[in-house]
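Residue-level listing of the chains:
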Amino acid sequence: MELPQPCTASDPTIEALKAGNEHAFRCLFEQERERLRRFVVKLVEDADEAENIVQETFAEAYRQIEDFRGEASVSTWLFSIAKHLAYGHLRTSDRHNYLEHETIEFLQVDRDDSVSGTQREVERSERKQIVHNALQELPDHYRRVVQLRDLEEKSTAEAAEQLDLTEVNVRVRLHRARKALREHLCERMEC
């Protein structure tokens, strides 16, 4: 069995990383893993989830290394990926408090007993129509992400596979779609 080469001070080089060199990625992992883990733990306050995010960070870096332009150091690029993944985790860790509860709040009618059942149904129907219209006004690429993640409750990985995107792209599109949806709903419902 062949032992892996030890990492040197010059490892890894950008060229080796872009060439998909396993030794280069192993060295990068060894050099940056612990710093990334400490950074992510501070953001998500969960050691196990931080470890998952660090692993996902390196996987994402491996997938996107060809897009790395070298405008910053590889370390800075990794921390940027980790930060975005950690924020994505924070947004989606309690998904039902992010968009669904906000949308449900828009759909809920004040429970004033003096309002007749028929009037409540009319108001609920109007609110549902406003939400439906807001979804229809989203650009296709945003609407599809919202549909998969929030309506069909697919995981980020499942949505990414179905849309042929990276998980990071799904998270970015979902964030932007939810923001646009909230703005649209606020315009229509005077919030």
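As a reminder, the structure under discussion sits directly above these lines.
First, a word on what this report is: a plain description of the structure on this page. (Residues numbered from 1 in each chain as written. Predicted model: local features only at pLDDT ≥ 70, side-chain atom pairs only at ≥ 80, totals over all residues. Heavy atoms only, no water.)

## Describing the nonpolar core
Then step 1. Among the nonpolar cores identified, the biggest contains 24 residues, and L17, L36, V40, V74, W77 and L78 are the most heavily contacted of them.
Then step 2. The set of elements that each furnish at least two residues to this core consists of α1 (14-18), α2 (22-44), α3 (47-64) and α4 (74-92).
Then step 3. For L78, the residues in contact, after removing those within four places along its chain, are L28, E32, L36, T57, F58 and A61.
Then step 4. Counting 16 residues, the second largest nonpolar core, distinct from the first, contains L138, V145, L165 and L181. (Core = buried A, V, L, I, M, F, W, Y, C linked by side-chain atoms within 4.5 Å. Buried < 20%, exposed > 50% of the residue type's maximum accessible area, 1.4 Å probe, protein only. Helix = DSSP H or I, 4+ residues; strand = E, 2+ residues; numbered from the N terminus. Contact = heavy atoms within 4.5 Å.)

## Description of the pattern of salt bridges
Then step 1. Considering all chains together, one arrives at ten salt bridges under this definition.
Then step 2. Of the charged contacts in the structure, one is a salt bridge between D140 and R143, with a shortest N-O distance of 2.2 Å. Of this pair, D140 and R143 both sit in helix α7 (residues 140-151), three residues apart, which is roughly one turn of the helix.
Then step 3. Overlapping salt bridges bring together R33, E34, R37, R38 and E51 as one network. (Salt bridge = Lys/Arg side-chain N within 4 Å of Asp/Glu carboxyl O.)

## Some thoughts on α3
Then step 1. With 18 residues, α3 extends 25 Å between its outermost C-alpha atoms, agreeing within 8% with the 26 Å of an ideal straight helix rising 1.5 Å per residue.
Then step 2. Taken as a whole, α3 has its buried residues at A50, E51, I53, V54, T57, F58, E60, A61 and Q64.
Then step 3. Its side-chain oxygen placed 3.1 Å from the backbone nitrogen of D48, D46 serves as the N-cap of α3. (Expected span 1.5 Å × (residues − 1). Polar contact = N/O pair within 3.5 Å; in protein donor to acceptor, adjacent residues only side chain to side chain.)

## Here's the deal with α2
Then step 1. Taking the largest bend as the criterion, α2 deviates by roughly 45°, centred on E32.
Then step 2. The complete set of buried residues in α2 reads H23, A24, F25, C27, L28, E32, L36, V40 and V44.
Then step 3. As for α2, its buried residues are in contact with α1, α3 and α4.
Then step 4. With a side-chain oxygen positioned 2.8 Å from the backbone nitrogen of H23, the residue opening α2 is N21. (Bend = angle between axes of the 7 residues up to and from the residue.)

## As for the packing of α2 against α3
Then step 1. Packing of α2 against α3 brings their axes to within 8 Å, and their N-to-C directions diverge by 135°. Judged by the inter-axis angle, α2 sits oblique to α3. Note on packing geometry: the crossing formed by α2 with α3 is right-handed. Between α2, through F25, L28, F29, E32, R33, L36, R37, V40, V41 and V44, and α3, the contact on the second element is made entirely by A47, A50, E51, I53, V54, Q55, T57, F58, A61 and Y62.
Then step 2. Considering only residue class, the contact of α2 with α3 consists of 14 nonpolar, two polar and four charged. (Axes fitted to C-alpha atoms, helices over the stretch in contact; angles between N-to-C directions. Parallel < 35°, antiparallel > 145°, perpendicular 65-115°, else oblique. Left-handed = near helix turned anticlockwise from the far one by under 90°. Nonpolar A, V, L, I, M, F, W, Y, C, P; charged D, E, K, R; others polar.)

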